[in-house]
Amino acid sequence: MPFDTELLPRINAKSVRENGKQYYVDAKGSRFPSVTTILNATKPKEERDRLFNWKARVGTEEATRISTTASRRGTQTHKQIERYLLGENPICPEGSLPYWESIKPILKEIDTVKLIEGSVFHYDLSYSGKVDCVASYKGIPCICEWKTADKPKNSIERLYEYPLQLVAYMGAVNDYYRDYDIKLNHALLVVAIPEMPAEVFWFDSEAMNNYWQQWQKRVAEYWKRL
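Below or above, wherever it landed, is the structure these notes cover. Keep in mind that what you see is a predicted model, and the values were worked out from it rather than measured. (Residues numbered from 1 in each chain as written. Predicted model: local features only at pLDDT ≥ 70, side-chain atom pairs only at ≥ 80, totals over all residues. Heavy atoms only, no water.)

## Thoughts on the nonpolar core
Thought 1: The biggest cluster of nonpolar side chains holds 40 residues, and the ones touching the most others in it are Tyr127, Ile143, Val173, Phe203, Met208 and Trp215.
Thought 2: If you list the elements that add at least two residues to this core, you get β2 (21-26), α1 (35-41), β4 (110-122), β5 (127-137), α5 (162-176), β7 (187-193), β8 (196-203) and α6 (205-225).
Thought 3: Looking at this core, the element that brings in the most residues is α5, giving 8 residues.
Thought 4: Contact partners of methionine 208, with chain neighbours within four places excluded, come to Leu166, Val167, Met170, Asn185, His186, Ala187 and Phe203.
Thought 5: Counting residues in hydrophobic clusters, the runner-up holds 22 residues, among them Ile103, Cys133, Cys144 and Ala198. (Core = buried A, V, L, I, M, F, W, Y, C linked by side-chain atoms within 4.5 Å. Buried < 20%, exposed > 50% of the residue type's maximum accessible area, 1.4 Å probe, protein only. Helix = DSSP H or I, 4+ residues; strand = E, 2+ residues; numbered from the N terminus. Contact = heavy atoms within 4.5 Å.)

## Observations regarding the side chain of histidine 186
Thought 1: Following the sequence through the fold, histidine 186 ends up in the loop between α5 and β7.
Thought 2: With residues near it in sequence (within four places) discarded, histidine 186 still touches Ile140, Pro141, Cys142, Ile143, Met170, Trp202, Phe203, Asp204, Ser205 and Met208.

## Describing unusual backbone geometry
Thought 1: Notably, serine 126 is not glycine yet its phi reads approximately 60 degrees, a positive angle.
Thought 2: Mapping serine 126 onto the fold places it in the loop between β4 and β5.
Thought 3: Even without being a glycine, aspartate 181 presents a positive backbone phi close to 60 degrees.
Thought 4: Looking at where aspartate 181 falls in the secondary structure, it is placed in the loop between α5 and β7.

## Quick word on the layout of surface pockets
Thought 1: In this structure, the largest pocket occupies an estimated 2,200 Å³ of space.
Thought 2: For the largest pocket, the lining is made up of 49 residues, of which Ser67, Ala70, Ser71, Lys147 and Tyr162 are closest to its centre.
Thought 3: Elements supplying a minimum of two residues to the lining of the largest pocket: β2, α1, α2 (45-58), α3 (60-85), β5, β6 (140-148) and α5.
Thought 4: Per element, the largest residue contribution to the lining of the largest pocket is 10 residues, and it comes from α3.
Thought 5: By volume, the second largest pocket amounts to about 200 Å³.
Thought 6: Taken together, 13 residues line the second largest pocket, and the ones lying closest to its centre are Pro44, Glu47, Glu157, Tyr160 and Glu161.
Thought 7: Looking at the lining of the second largest pocket, the elements that each hand over two or more residues are α2, α5 and α6.
Thought 8: Class assignment of the residues belonging to the lining of the second largest pocket gives a composition of 6 nonpolar, 1 polar and 6 charged. (1 Å grid on protein atoms, 1.4 Å probe; cavity = no way out; pocket = protein on both sides within 12 Å on 5 of 7 lines; lining within 4 Å. Points joined across faces, edges and corners; volume = space filled by probe spheres on them. Nonpolar A, V, L, I, M, F, W, Y, C, P; charged D, E, K, R; others polar.)

## Some remarks on the packing of α3 against helix α4 (residues 97-107)
Thought 1: Contact geometry of α3 with α4 gives a least axis separation of 11 Å together with a crossing angle of 35 degrees. Crossing geometry of α3 relative to α4 is assigned as right-handed. Across the interface between the two elements, Arg73, Thr77, Gln80, Ile81 and Tyr84 from α3 touch Tyr99, Trp100, Ile103, Lys104 and Leu107 from α4.
Thought 2: Within the contact of α3 with α4, the residues separate by chemical class into 6 nonpolar, 2 polar and 2 charged. (Axes fitted to C-alpha atoms, helices over the stretch in contact; angles between N-to-C directions. Left-handed = near helix turned anticlockwise from the far one by under 90°.)

## Some details on the state of the cysteines
Thought 1: Taken as a whole and judged by the stated rule, the model has 0 disulfides.
Thought 2: Distance from the sulfur of cysteine 92, which forms no disulfide, to the nearest cysteine sulfur (cysteine 133) is 17 Å.
Thought 3: Looking at cysteine 133, it has no disulfide partner, and the nearest cysteine sulfur is the one in cysteine 144, 4.4 Å off. (Disulfide = S-S within 2.5 Å.)

## Regarding the pairing of β6
Thought 1: The buried count for β6 comes to 7 of 9 residues, which makes it a mostly enclosed element.
Thought 2: Where β5 lies against β6, 5 bridges are found, and the strand directions are antiparallel. Its bridge partner being in β6, cysteine 133 is matched across the sheet by cysteine 144.
Thought 3: Between β5 and the antiparallel strand that follows it, β6, lie 2 residues; lysine 138 among them carries a positive phi value of about 55 degrees.
Thought 4: Across 6 bridges, β6 lies against β7 in parallel orientation. Bridge pairing in β7 links tryptophan 146 to valine 190.
Thought 5: Taken together, β6, α5 and β7 form a β-α-β motif whose crossover is right-handed. (Pairing = 2+ DSSP bridges. Right-handed = clockwise from strand over helix to strand, strands pointing away.)

Encoded structure:
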């Protein structure tokens, strides 16, 4: 279906990796750590323990296989969503078809697409990242994130640090595109699951404000450690 697209100007940026960390570099050469780099570096002990215990339980080789497979299917699904929102009608790769079938009905509620897979920078707080989508969901402008999983999350608690990722991107979009009358305060996170309708998590302005306070603390902690 055709979407109402009012695309914002894209930021010319490149991604670089250094010592296991990811950075984005803008056209002027300014380089900032990515949102995921900051989250990984400041991960609370209970979260680090959860990941460590999972790797110990399944084994290093299996953990790597699972992570690689998840990354690949996530990339394929993101590309499929991007093409769809841009009004193209691509054939979905077989590997990501179950996730695409899960998430596609939700995309019919998306409109007024402003940014897809766009690099963003927050120059005041010195971080960067790549946002999945800025659009309206059921008429409300928001940050959109697409995730894939083999089973439902069932609760916000099991999203772990995804909400902080969302609010970080929201803050960067609001900061960078302030002259374009952009002021987001809602977020949508959709988890595509094979053979099931996608899970939809909607975050209102109060929730996002709380997450923003947490994110600012994580950014400050990151720079304090360096």
